[in-house]
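# A closer look at the structure
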Number of protein chains: 2
Amino acid sequence: MEGKQISKSVLKRLPGYLAYLKNMPEDAPPNISATALATALGMGDVQVRKDLAMVSDGGRPKIGYQRDALIYDIEQFLGYDNTTDAVLIGAGKLGQALMGYKGFDEYGLNILAAFDQCPKSKKTEEGKPIYPIGKLSDFCLTHKVLMGIITVPAESAQEVADQLIAGGIKAIWNFAPTHLDVPGGILVQNENMATSLAVLSVHLQAQIKEEKEKVAIKK
Amino acid sequence: MEGKQISKSVLKRLPGYLAYLKNMPEDAPPNISATALATALGMGDVQVRKDLAMVSDGGRPKIGYQRDALIYDIEQFLGYDNTTDAVLIGAGKLGQALMGYKGFDEYGLNILAAFDQCPKSKKTEEGKPIYPIGKLSDFCLTHKVLMGIITVPAESAQEVADQLIAGGIKAIWNFAPTHLDVPGGILVQNENMATSLAVLSVHLQAQIKEEKEKVAIKK
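On a predicted model such as this, the values are computed, not experimentally measured, just so you know.

The next subject is the overall build of chain A. Secondary structure assignment for chain A yields eight helices and eight strands. What you see for chain A is a C-alpha radius of gyration of 22 Å, clearly larger than the 17 Å of a compact globule of 219 residues, by over 25%. Seen along its three principal axes, the alpha-carbon backbone of chain A occupies a region of about 60 × 60 × 35 Å.

Another point: the pairing of strand 6 (residues 147-150) of chain A. Residues and elements named next belong to chain A. Neither face of strand 6 is left uncovered, since the one carrying Met-147 and Ile-149 and the one carrying Gly-148 and Ile-150 both have all their residues buried. Inspection of the sheet shows strand 6 paired to strand 7 (residues 171-174) by four bridges, in the parallel sense. What sits directly across from Met-147, in strand 7, is Ala-171.

When chain B is fitted to chain A, the best match, at an RMSD of 0.1 Å, comes from turning it 180 degrees and sliding it 0.0 Å along the axis. The superposition of one copy onto the other is thereby described by a two-fold rotation axis. Across chain B, the smallest distance between a C-alpha and the rotation axis is recorded for Ala-97 of chain B, namely 3.2 Å.

Residues and elements named next belong to chain B. Taken residue by residue, helix 3 (residues 45-55) has Val-48, Asp-51, Leu-52 and Val-55 as its buried positions. Relative to the axis of helix 3, the buried residues are bounded by an arc of 95 degrees and lie together on one face. In this structure, helix 3 carries Val-46 and Lys-50 as exposed residues pointing more than 90 degrees from its buried face. Summarising the contacts, the buried residues of helix 3 are in contact with helix 1 (8-22), helix 2 (34-41), strand 2 (65-66) and helix 4 (67-78).

In this section: the sheet that holds strand 8 (residues 187-190) of chain A. Residues and elements named next belong to chain A. Within the open sheet, the six strands sit side by side as 5-4-3-6-7-8. Their pairing is parallel. The sheet is open, and its two edges are formed by strand 5 (130-132) and strand 8, each paired on a single side. Recorded for the sheet is a direction-independent mean angle of 25 degrees between the axes of neighbouring strands. Taken together, the six bridges between strand 3 (residues 84-89) and strand 4 (residues 109-116) define a ladder with parallel strand orientation. Its bridge partner being in strand 4, Ile-89 is matched across the sheet by Phe-115.

This part takes up the domain arrangement of chain A. A common way to express how large an interface is: the accessible area buried when the components associate. As far as domains go, chain A holds domain 1 (8-78) and domain 2 (84-194). When each unit is reduced to the centre of its C-alpha atoms, the spacing between domain 1 of chain A and domain 2 of chain A is 32 Å.

Residue and element names in this part refer to chain A. Even without glycine at this site, Lys-62 takes up a positive phi of about 70 degrees. Along the chain, Lys-62 turns up in the loop between helix 3 (45-55) and strand 2 (65-66). Looking at Lys-62, the number of C-beta atoms within 10 Å reads 6, which means it is exposed. Non-glycine residue Lys-144 carries a positive phi angle of around 50 degrees. Counting through the fold element by element, Lys-144 comes out in the loop between helix 6 (136-143) and strand 6.

Taken together, the 49 residues of chain B in the interface contact 50 residues of chain A. Considering every element that reaches the side of chain B that touches chain A, the biggest residue donor is helix 8 (residues 193-218) of chain B, with 14 residues. For the side of chain B that touches chain A, a count of residues per class yields 27 nonpolar, 16 polar and six charged.

Moving on to the nonpolar core. Counting 110 residues, the largest nonpolar core has Met-147 and Ile-150 of chain A together with Met-147 and Ile-150 of chain B as its most contacted members. Each residue touching Met-147 of chain B, except ones within four places of it in the same chain, is listed here: Leu-200 and Leu-204 of chain A together with Thr-84, Ala-86, Ile-169, Ala-171 and Trp-173 of chain B.

Before going further, it helps to spend a moment on the sheet that holds strand 3 (residues 84-89) of chain B. Strand pairing in a sheet relies on backbone hydrogen bonds. The paired strands run either parallel or antiparallel. All names here are of chain B. In space, the six strands of this open sheet follow the order 5-4-3-6-7-8, with parallel pairing throughout. Every other strand in the sheet has two partners, leaving strand 5 (130-132) and strand 8 (187-190) as the edge strands with one partner each. Sheet twist, expressed as the mean angle between neighbouring strand axes with direction ignored, is 25 degrees.

On to the packing of helix 1 (residues 8-22) of chain A against helix 4 (residues 67-78) of chain A. All names here are of chain A. Where helix 1 meets helix 4, the axes come as close as 10 Å, and the angle between the chain directions of the two elements is 145 degrees. When you trace helix 1 past helix 4, the crossing you get is left-handed. Residues Leu-14, Tyr-17, Leu-18, Leu-21 and Lys-22 of helix 1 touch helix 4, and the partners they reach there are Arg-67, Leu-70, Ile-71, Ile-74, Glu-75, Phe-77 and Leu-78. In terms of residue class, the contact of helix 1 with helix 4 is made up of nine nonpolar, no polar and three charged.

Quick notes on the rules
- Residues numbered from 1 in each chain as written.
- Chains lettered and ligands numbered in written order.
- Predicted model: local features only at pLDDT ≥ 70, side-chain atom pairs only at ≥ 80, totals over all residues.
- Helix = DSSP H or I, 4+ residues; strand = E, 2+ residues; numbered from the N terminus.
- Rg over C-alpha atoms; globule rule 2.2 N^0.38 Å.
- Buried ≥ 20, exposed ≤ 12 C-beta atoms within 10 Å, placed from the backbone.
- Pairing = 2+ DSSP bridges.
- Least-squares fit on C-alpha atoms with pLDDT ≥ 70 in both.
- Arc of directions from axis to C-beta.
- Contact = placed C-beta atoms within 7 Å.
- Axes fitted to C-alpha atoms, helices over the stretch in contact; angles between N-to-C directions.
- Domains from an automatic or database assignment.
- Nonpolar A, V, L, I, M, F, W, Y, C, P; charged D, E, K, R; others polar.
- Core = buried A, V, L, I, M, F, W, Y, C linked by C-beta atoms within 7 Å.
- Left-handed = near helix turned anticlockwise from the far one by under 90°.

Written out as structure tokens, the structure is:
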């Protein structure tokens, strides 16, 4: 399936399919149709069918996909079989939580080391090294690291990004709630929790307003 | 500005504007135009102008917005001035990181308590209580909690969601990498790190391929 152009929105739906397929009970039937997957995830039939066809040619009419083969094809497509080395900058609570998250192995992500302005210890709980931030660019160049994970406060994030780019990094996973200026060819993926909170907060406001109106009508 | 219909995509851009405006240096001019904001964030002029007009009527031709007033209007719109009480389920590393994250105050989010299958201690580092999960629904009903934050493993997430809904919750912030089935009127906001990793991973694969091709041409 190599070389097929795929849109970012398809890309963003693939991990959802993967999570569902991998979490199915062991005694589930070995085959699954695009329709069954769509129903389970509350998505459109046609969309799921098209998405799966982009990454796997294992679909058979009336039979569907062999589940294991489909999992393999999606993982292959997402590059989870190639390990990506990464560094993490900002060994605070969020940084430590990410360093300790075992699920990343499954996605082929390997965090080699953490960096911090003033490291409080030399190692994380998992035994990975924590270096002073001055060594960041050199470390990335020496170890040919391509991905940096930024978990520093907003005001230091741009400086860290600049050092990562000087170290030859090609992709940044940004948890700092700020915009980063980067040259072309560098991808920034913002993990913006504020964005999610905004969506939740506005939904709750609408719900509260509705409840109040109901109460007012009853009165 | 109450009552204006706003799309989810506008909603998702507002926290970005807010973060930029709040991070501006103290000696920056008191006014900012939509154009200046668009340039700084690498976004389209027209889009930013329209978005801001949805939440604030403080824009003046040739002068722009008064920065403090614009910050106030966006925060007001997003409901950051009303505090939302929430509970968090799953007091593992990610859960603890979220409990300890001070930035949430700024968004009007107040995590009252954590719940865990087998609490290892009775309090978080910040002194918030950790209760056994059996008390979840009752706690939500008693304290009229409207938001639940799920940081348990994928296989327990649906069960936790059901208990939250039984407790009268209206919005779920889901960090478990799985799909949740919920009745209408309940909003689920998925914080799917796997999605971000997929985007980053595919970008890096393309970059590596490009580098290899360059090397091959040189040979």
